[in-house]
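# Notes for the structure review
Below are the chains, spelled out letter by letter.
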Amino acid sequence: MKKVVGDNATLPCHHQLPSSKSLDIEWLLQKPNSKQKVIITFFGGEVYTNEENRRLSLAGDYLGGDASLLISDLLLADSGEYYCKVKTAGNYHWSQVNLIVLEKPSKPECRRDGKLSEGSDVKLSCKSSDGSEPISYKWERVLDNGKSLGKLPNLALIDLKNPEIVTLRNLTMDSTGVYRCTASNDVGEENCTVEVPMQHVRDMGMVAGAVVGISLGVLIVILIIWLVFRKKEKKKYEEEETPNEIREDAEAPKAKLVKPNSLSSSRSGSSRSGASSTQSMVHNSVQRGHRPRPPAVAALKENGQPPGFPQSPPAYTTVVPLTKTPEPPTTPKYNSRNISAPTPPTLMVPAQTKAFQTV
């Protein structure tokens, strides 16, 4: 007897023994690799069973000759060999029922693998996670919007070892559509469907072109933003550095001469009087700047020294106290009225290296 999980099963047991108080009925279960055990019994006018067998009961008029067993809500574990034994007044009746509880296949899961481009191969598969073996699988093509079923395409390849797998070779428009897989066993069946479309090469090229175009557009936008920020940073850097730059073509400040007698007086005086004297001499030299220079003064170099005069030593930041040196001879003064007179005698320059000082 084959039954489905969850159903009810009645195991027949009919006897012709007379009814009496000594009537005794027993049902026994024998499973592979296990001992035989009593699951329900009638003795002394009472029915006995244990807690784990609450789903068992005597189905008919066991006193009238029907000692059939009813099993409710069948489980896979209920499968086995059932024995019915009836005895009374030394007479016996035996019957045997082999119960097979099966589970119908669960709803299979359909899958599709492979590229959906023209000329490629697509593999279809389906599998039920639960169900009593053996489970058979069958693939069919759904036609007319599910109204009918048809055969697989001529180029379809079925795996004989694994019939749940089928390969659609060299995919074409004629191979597209909906396919159904049916999983079945002795007690039931379930099915699932999968659609097989086909993508044209033109459509794939358009998609690829769109992706490339969008990527290039994003890169161009990022480049423009980067250039704008770069230009702003460069402009800001130039604005900050311009006040600190020294122009190479800027005119160097002109040296001004300081009279030796003024220098000696400034050395002997305090720092305050020396500063004021220097400012006074600079002011006087500025006022006399517009007057024509005497030839002797004009003979001086631009750096404030006469021709052939050794270069003055470089300036140092450290202040060295000056010692008193003999005053050089006073340079003869010329009157502006005598500028047109003949050239005055040659100016004699003392040999001291500190005769003139540039300011």
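Anything mentioned here points back to the structure above.
Note that the coordinates shown come from a computational prediction; the quantities given were computed from them, not determined experimentally. (Residues numbered from 1 in each chain as written. Predicted model: local features only at pLDDT ≥ 70, side-chain atom pairs only at ≥ 80, totals over all residues. Heavy atoms only, no water.)

## Focus: the overall build of the protein
To keep things clear, this is the line we draw: Only runs of H or I of at least four residues qualify as helices and only runs of E of at least two qualify as strands under DSSP, and these elements are numbered from the N terminus. The rule is simple: take the accessible area with a 1.4 Å probe, protein chains only, and divide by the maximum for that residue type; under 20% is buried, over 50% is exposed, in between is partly exposed. Two residues form a contact once any of their heavy atoms are found within 4.5 Å. Each accessible area value is a Shrake-Rupley result obtained with a 1.4 Å probe; residue values ignore everything except the protein chains displayed when judging cover.
Tallying secondary structure elements over the protein gives four helices and 17 strands in all. A buried classification covers 25% of the 359 residues belonging to the protein. A fraction of 59% describes how many contacts in the protein between residues 6 or more apart in sequence connect residues 24 or more apart. Accessible surface, the protein: about 26000 Å² in total, of which carbon and sulfur atoms supply 55%.

## Some details on the state of the cysteines
One covalent bond between the sulfur atoms of two cysteine residues makes up a disulfide. The condition that has to hold: Here, two cysteine sulfur atoms that lie within 2.5 Å of each other are counted as a disulfide.
What the rule picks out here adds up to three disulfides. Across the disulfide from Cys-110 sits Cys-192; the S-S distance is 1.8 Å. In this structure, the disulfide formed by Cys-110 and Cys-192 twists by about 80° around the S-S bond and is classed as right-handed. Taken together, the residues Cys-110 in strand E10 (residues 109–113) and Cys-192 in strand E17 (residues 188–196) connect sequence positions 82 residues apart. Its relative accessible area of 7% is what places Cys-192 among the buried residues. With its sulfur 1.8 Å from that of its partner, Cys-126 forms a disulfide with Cys-181. With a gap of 55 residues between them, Cys-126 in strand E11 (residues 122–127) and Cys-181 in strand E16 (residues 177–185) connect regions that are remote in the sequence. Across the pair, exposure class does not vary: Cys-126 and Cys-181 are buried alike.

## A look at the side chain of Ser-175
You can see Ser-175 is positioned in the loop between strand E15 (165–168) and E16. Ser-175 has contacts with Arg-141, Pro-153, Leu-168 and Asn-170, leaving out every residue within four places of it along the chain.

## A word on the sheet that holds E17
Applicable threshold: We treat two strands as partners when DSSP finds at least two bridges between them. Here an axis means a line fitted to C-alpha atoms, over the contact stretch when the element is a helix, while the angle between two N-to-C directions is reported on a 0 to 180 degree scale.
Sheet architecture is open: four strands sit in the order E13-E12-E16-E17, paired in antiparallel fashion. One side of each edge strand has no neighbouring strand; the edge strands of this open sheet are strand E13 (148–150) and E17. Across the sheet, the mean angle from the axis of one strand to that of its neighbour is 40°, orientation sign disregarded. As paired elements, E16 and E17 share nine bridges and run antiparallel to each other. Paired with Asn-185 across the bridge in E17 is Gly-188.

## Quick word on the pattern of salt bridges
We count it as follows: Here, a salt bridge means any side-chain nitrogen of Lys or Arg that lies within 4 Å of a carboxyl oxygen of Asp or Glu.
Enumeration according to the criterion identifies eight salt bridges in this entry. Linking Lys-85 and Glu-26 is a salt bridge whose minimum nitrogen-to-oxygen distance equals 3.2 Å. Here Lys-85 is found in strand E8 (residues 80–88), whereas its partner Glu-26 is found in strand E3 (residues 24–30), with 59 residues between them in sequence. Take Lys-85: its relative accessible area is 18%, and that puts it in the buried class. In this structure, Glu-52 engages Lys-37 in a salt bridge whose closest nitrogen and oxygen atoms are separated by 3.9 Å. Here Glu-52 is found in the loop between strand E5 (46–49) and strand E6 (56–58), whereas its partner Lys-37 is found in strand E4 (residues 37–43), with 15 residues between them in sequence. Through salt bridges with shared partners, one network takes in Lys-138, Glu-140 and Arg-180.

## Regarding the sheet that holds E6
The three strands lie next to each other as E2-E7-E6, forming an open sheet whose pairing is antiparallel. The sheet is open, and its two borders are formed by strand E2 (9–11) and E6, each paired with just one other strand. When strand polarity is set aside, the average angle formed by the axes of neighbouring strands in this sheet is 25°.

## Quick notes on the nonpolar core
How we decide: Joining through side-chain atoms within 4.5 Å is the link that ties buried Ala, Val, Leu, Ile, Met, Phe, Trp, Tyr and Cys residues into a set, and such a set is a nonpolar core.
In terms of nonpolar packing, the biggest core is built from 23 residues, with Trp-27, Leu-69 and Tyr-82 touching the most fellow members. Counting only elements with at least two residues in this core, the list comes to E2, E3, E4, E6, strand E7 (69–71), E8 and strand E9 (91–102). Every residue in contact with Tyr-82, bar those within four places of it in the chain, is listed here: Leu-11, Trp-27, Leu-28, Leu-29, Ile-39, Leu-69, Ile-71, Ser-95, Gln-96, Val-97 and Leu-99. Membership of the second largest hydrophobic core comes to 20 residues, among which are Cys-126, Ile-135, Ala-156 and Leu-168.

## Notes on a nonpolar patch on the surface
Applied cut-off: Patches were defined on residues exceeding 30% relative accessible area and lacking a salt bridge, with like-charge contacts within 9 Å and nonpolar side-chain contacts (Val, Leu, Ile, Met, Phe, Trp, Tyr) within 5 Å.
A cluster of nonpolar side chains, contributed by Val-212, Ile-214, Leu-216, Val-218, Leu-219 and Ile-222, occupies part of the molecular surface with about 580 Å² of accessible area. Taking relative accessible area as the criterion, Leu-216 reaches 49% and is therefore assigned partly exposed.

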